[in-house]
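# Summary of structural features
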Amino acid sequence: MDQFVMPSLGADMDEGTVVEWLVKPGDPVHRGDPIAVVDTDKAAIEVECFVDGTVEELLVPEGQRVAVGTPLATINGAATLAAAPGRAAQPQVTKGPKAKEPKVKEPKVKEPTAKEAWVEKRAKEPKAKEPKVKKPKAPAAAGKRPSRRPKTRPAPAAPTRPAPAAKPVAVPAAPGRKPASPYARKLARQRGLQIADITGSGRNGMVTSRDVLAFVPPPAAAAAVAGVTAPAVPPTAQPAREPWPTPARTRAGAVPTTVTAAEPDRMRAAIARLMARSKREIPHYYLSTTVDLGTALDWLRDHNRGVSVTDRVVPSALLLRATALAAVRHPELNGYWLDDRFQPADAVNLGVAVSLRRGGMVAPAILGADQLGVAELMARLRDLVTRARSGRLRGSEMEDPTITVTNLGDQGVESVQGVIYPPQVALVGFGKVVDRPWARDGMLGVRPCVTVTLAADHRATDGFTGSRFLDTIDHLLQTPEEL
């Protein structure tokens, strides 16, 4: 019997809230399957299972906040199930006949339904011909029968109107039976939404909290729900709340404003604790260099001409790829400072700083970034940013970053002096691509350039290692075909 405990999803996490269970007792799970949504002070994260087996018991209810390391559920591992041959044989016997019975019944059920359908078609054919016979008779006596025919036509029109099921489907009572998780129903009530209007993405169409948070009501319905409080929340502010699926996260007027106002404060406090620890414990040193991106951007334009619009690559993917390969060549900057010594990482899990619409930021990782090509890295980056801002990150993406990259070029910043995320030992920053006068092959011209900075832990490396790291990034960007 294995215990699934509250994981540590970052150096600044001491406790978390179980927002939603994605499984129930008796469900089979496999290693890597998300089984719960945990809310930290920064974001809601899908936590994966670490063993294969069956969920035995859920120990913590939804909405409860517990410390890191607290048992959340018990999982009957695959090894435990295989150890009891007698028990393993029983489910095999019960599953056998159950699997065969529907196979035998299906053809038997289909045969009569086919016959009934054929009979119904035959029964309908003469009825369909009757009006065809009456219609040619109509022009023969057009002067007397026009008044009688409208009297006879309402009779068949009456049964045809109740026949379609459009009206009963529109009745709110039927869609109200749609399955939904308890927390999803609570969020829907707080937001004034109807579960029947929301499309479920869970098992068997079950509506989850993520579906409620992602649902955008029509403008008319939104105004009716908002009522008097609608002017207090501008329409542009509602999408900005989407990355925060926390129990207290609701629209204005649904819960006390003190609870809603405390959410950004909790996130800001978590960031403050982590950054204060970083500056207090880590002796930072900073290096920077300016890189000519002309060759890389020319290669990128040629690459994008030969692919579809959805597969095109942006310069950020080239910068991430160069950083990942440089981390492989300089492993002293790719790892953790733990137990008063540097511990190198086995792979390059590239953390990417993502700003949230509500404010604050998270830094999930692209796992195995050094093994991904530019196109695949671009797809992973797009997916990671989308899920980070919609509150669908996974636990492994928050636990394993080995080196982090922050890019503020799209905000107009030319240089970034970052703060290291402990226990990592390095952070790479990229600024805005700016046209600058640049000498190349003895000729002066205007070239697109970017400023690359490195914040590194002086306990693990020194300026010599850091300068070689930045030089490697420069070399890779001058030879984009090697990326």
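The structure this text deals with has already been given above.
Below is a summary of the structure that appears in this document. Residue positions are given per chain, counted from 1 along the sequence in the order it is written. This being a predicted model, a pLDDT of at least 70 is required before a residue's local features are given, and a value of 80 or more before pairs of side-chain atoms are given or counted; all residues contribute to the totals for chains, interfaces and linings. Side-chain numbers come from the whole structure's heavy atoms, not from hydrogens or water.

Only DSSP runs of H or I reaching four residues or more are called helices, and only runs of E reaching two or more are called strands; each is numbered from the N terminus. When you go through the protein residue by residue, the secondary structure sums to 14 helices and 20 strands. For the protein, restricting intrachain contacts to residue pairs at least 6 apart in sequence, the fraction spanning at least 24 positions comes to 63%. For the area figures, the Shrake-Rupley method with a 1.4 Å probe applies, and any residue is considered shielded solely by the protein chains shown. Entry remark: accessible area of the protein is about 26,300 Å², with carbon and sulfur atoms responsible for 57%. Residues are treated as being in contact if the distance between any of their heavy atoms lies within 4.5 Å.

Here we come to helix α11 (residues 315-329). A helix's residues, less one, multiplied by 1.5 Å, set its expected span. Look at α11: 22 Å from first C-alpha to last across 15 residues, which is about the 21 Å you get at 1.5 Å a residue. Exposure categories follow from relative accessible area, calculated using a 1.4 Å probe and restricted to protein chains: below 20% of the type maximum is buried, above 50% is exposed, and the middle band is partly exposed. Among the 15 residues in α11, eleven count as buried, and that is most of the element. Every buried residue of α11 is accounted for by Ala 317, Leu 318, Leu 319, Leu 320, Arg 321, Ala 322, Thr 323, Ala 324, Leu 325, Ala 326 and Ala 327.

Across the sheet, five strands lie side by side as β7-β2-β4-β5-β16; this open sheet has mixed pairing. Strands with a single pairing partner mark the edges of an open sheet, and in this sheet they are β7 (65-67) and β16 (393-394). When strand β4 (residues 34-39) meets strand β5 (residues 44-48), the two strands line up antiparallel, connected through five bridges. Along β5, the bridge assignment pairs Asp 39 with Ala 44. A pair of strands is labelled paired if DSSP reports no fewer than 2 bridges between them.

It is worth spelling out the packing of α11 against helix α12 (residues 374-389) at this point. A fitted line through C-alpha atoms represents every axis, and for helices the fit uses only the stretch in contact; the resulting angles, taken between N-to-C directions, go from 0 to 180 degrees. At a minimum axis separation of 9 Å, α11 and α12 run at an interaxial angle of 110°. As summarised for this structure, α11 and α12 are arranged roughly perpendicular, according to the angle between their axes. Listed contacts from α12 to Ser 316, Ala 317, Leu 318, Leu 320 and Arg 321 of α11 are Val 374, Leu 377, Met 378 and Leu 381. Think of it as three bins: nonpolar holds Ala, Val, Leu, Ile, Met, Phe, Trp, Tyr, Cys and Pro, charged holds Asp, Glu, Lys and Arg, and polar takes everything else, Gly as well. Here the contact of α11 with α12 is built from residues that sort into seven nonpolar, one polar and one charged. These descriptions rest on fixed angle ranges, namely under 35 degrees for roughly parallel, over 145 for roughly antiparallel, 65 to 115 for roughly perpendicular, and the rest for oblique.

This part is about the sheet that holds strand β6 (residues 53-58). Across the sheet, which stays open at both edges, the four strands sit in the order β1-β8-β6-β3 with antiparallel pairing between neighbours. Each having just a single partner strand, β1 (2-5) and β3 (28-29) make up the two edges of the open sheet. In terms of strand pairing, β1 meets strand β8 (residues 71-77) through four bridges, oriented antiparallel. Bridge pairing in β8 links Val 5 to Pro 71.

Time to look at the pattern of salt bridges. Two side chains bearing opposite charge may form a pair once their charged atoms approach each other closely. Throughout this description, the term salt bridge denotes a Lys or Arg side-chain nitrogen within 4 Å of a carboxyl oxygen of Asp or Glu. Counting across every chain of the model gives 13 salt bridges. Across the salt bridge formed by Glu 281 and Arg 277, the nearest N and O atoms sit 3.4 Å from each other. Taken together, the residues Glu 281 and Arg 277, both in helix α9 (residues 257-281) and four residues apart, mark about one turn of the helix. The exposure class assigned to Glu 281 is partly exposed, which follows from its relative accessible area of 41%. Taken together, the shared-partner salt bridges connect Asp 383, Arg 387, Arg 394 and Glu 397 into one network.

So, on to the pairing of β4. Most of β4 is tucked away: five of the six residues are buried. Direction of pairing for strand β2 (residues 15-21) relative to β4: antiparallel, over a ladder of four bridges. The residue bridging Val 18 from the neighbouring strand is Val 38, located in β4. Hairpin remark: β4 followed by β5, antiparallel, with four residues in the connecting loop.

In this model, Pro 422 is joined to Pro 423 through a cis peptide bond whose omega is 5°. The residue Pro 423 is located in the loop between β17 (403-407) and β18 (426-430) in this model. The backbone phi angle of Asp 340 is positive, close to 60°, even though this residue is not glycine. Within the element layout of this structure, Asp 340 appears in the loop between β10 (335-338) and β11 (341-344). One non-glycine residue, Asp 441, lies in positive phi territory at about 55°. Along the chain, Asp 441 falls in the loop between β19 (434-440) and β20 (443-457). Judged by relative accessible area, which is 76%, Asp 441 ranks as exposed.

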